[in-house]
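Okay, here's what each chain looks like letter by letter:
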Amino acid sequence: MNDREKRRVLTAEDLTYIGQRLRILDPYGGVKPWNRDRIWAAVLDVHLEAETRADREAFRELVGALRVLDVLDRHFLRR
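Residues numbered from 1 in each chain as written. Predicted model: local features only at pLDDT ≥ 70, side-chain atom pairs only at ≥ 80, totals over all residues. Heavy atoms only, no water.

1. Description of the packing of helix 2 (residues 12–21) against helix 4 (residues 53–76)
Line of reasoning, step 1. Remark: helix 2 packs on helix 4, axes separated minimally by 11 Å, with the N-to-C direction vectors making an angle of 170 degrees. With respect to helix 4, the axis of helix 2 lies roughly antiparallel. The handedness of the crossing between helix 2 and helix 4 comes out as right-handed. On the side of helix 2, the interface is formed by L15, I18 and G19, while helix 4 contributes L69, L72 and D73.
Line of reasoning, step 2. A per-class count over the contact of helix 2 with helix 4 returns four nonpolar, one polar and one charged. (Axes fitted to C-alpha atoms, helices over the stretch in contact; angles between N-to-C directions. Helix = DSSP H or I, 4+ residues; strand = E, 2+ residues; numbered from the N terminus. Parallel < 35°, antiparallel > 145°, perpendicular 65-115°, else oblique. Left-handed = near helix turned anticlockwise from the far one by under 90°. Contact = heavy atoms within 4.5 Å. Nonpolar A, V, L, I, M, F, W, Y, C, P; charged D, E, K, R; others polar.)

2. Points about the packing of helix 3 (residues 36–49) against helix 4
Line of reasoning, step 1. At a closest axis distance of 9 Å, the pairing of helix 3 and helix 4 adopts a crossing angle of 165 degrees. When the interaxial angle is binned, helix 3 and helix 4 end up roughly antiparallel. Relative to helix 4, the crossing made by helix 3 is left-handed. Across the interface between the two elements, R36, I39, W40, V43, L44, V46, H47 and E49 of helix 3 pack against D55, F59, L62, V63, L66, R67, D70 and D73 of helix 4.
Line of reasoning, step 2. Looking at the contact of helix 3 with helix 4 residue by residue, the class counts come to nine nonpolar, one polar and six charged.

Encoded structure:
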């Protein structure tokens with residue numbers, strides 16, 4: 001077996017499940033079905049509407065969660 005065959009892969013359903021387990025995304029449209037662009041757009045809207053320090057902190061937490069999902073998407077999602 002070569003490295004490609006040993007490498008684990010995820011499906012869009014797997015990423016949807018992982019994203020749903022991150023309850024932080026629920027108020028912003030969730031992740032069902034998995035759509036990276038839609039999720040990022042919802043989170044960027046949070047940034048545009050942020051008025052308080054708490055809003056900006058929530059935005060940073062959301063970006064952190066999405067960065068983790070992006071790494072999974074980029075490196076493990078089966079295309």
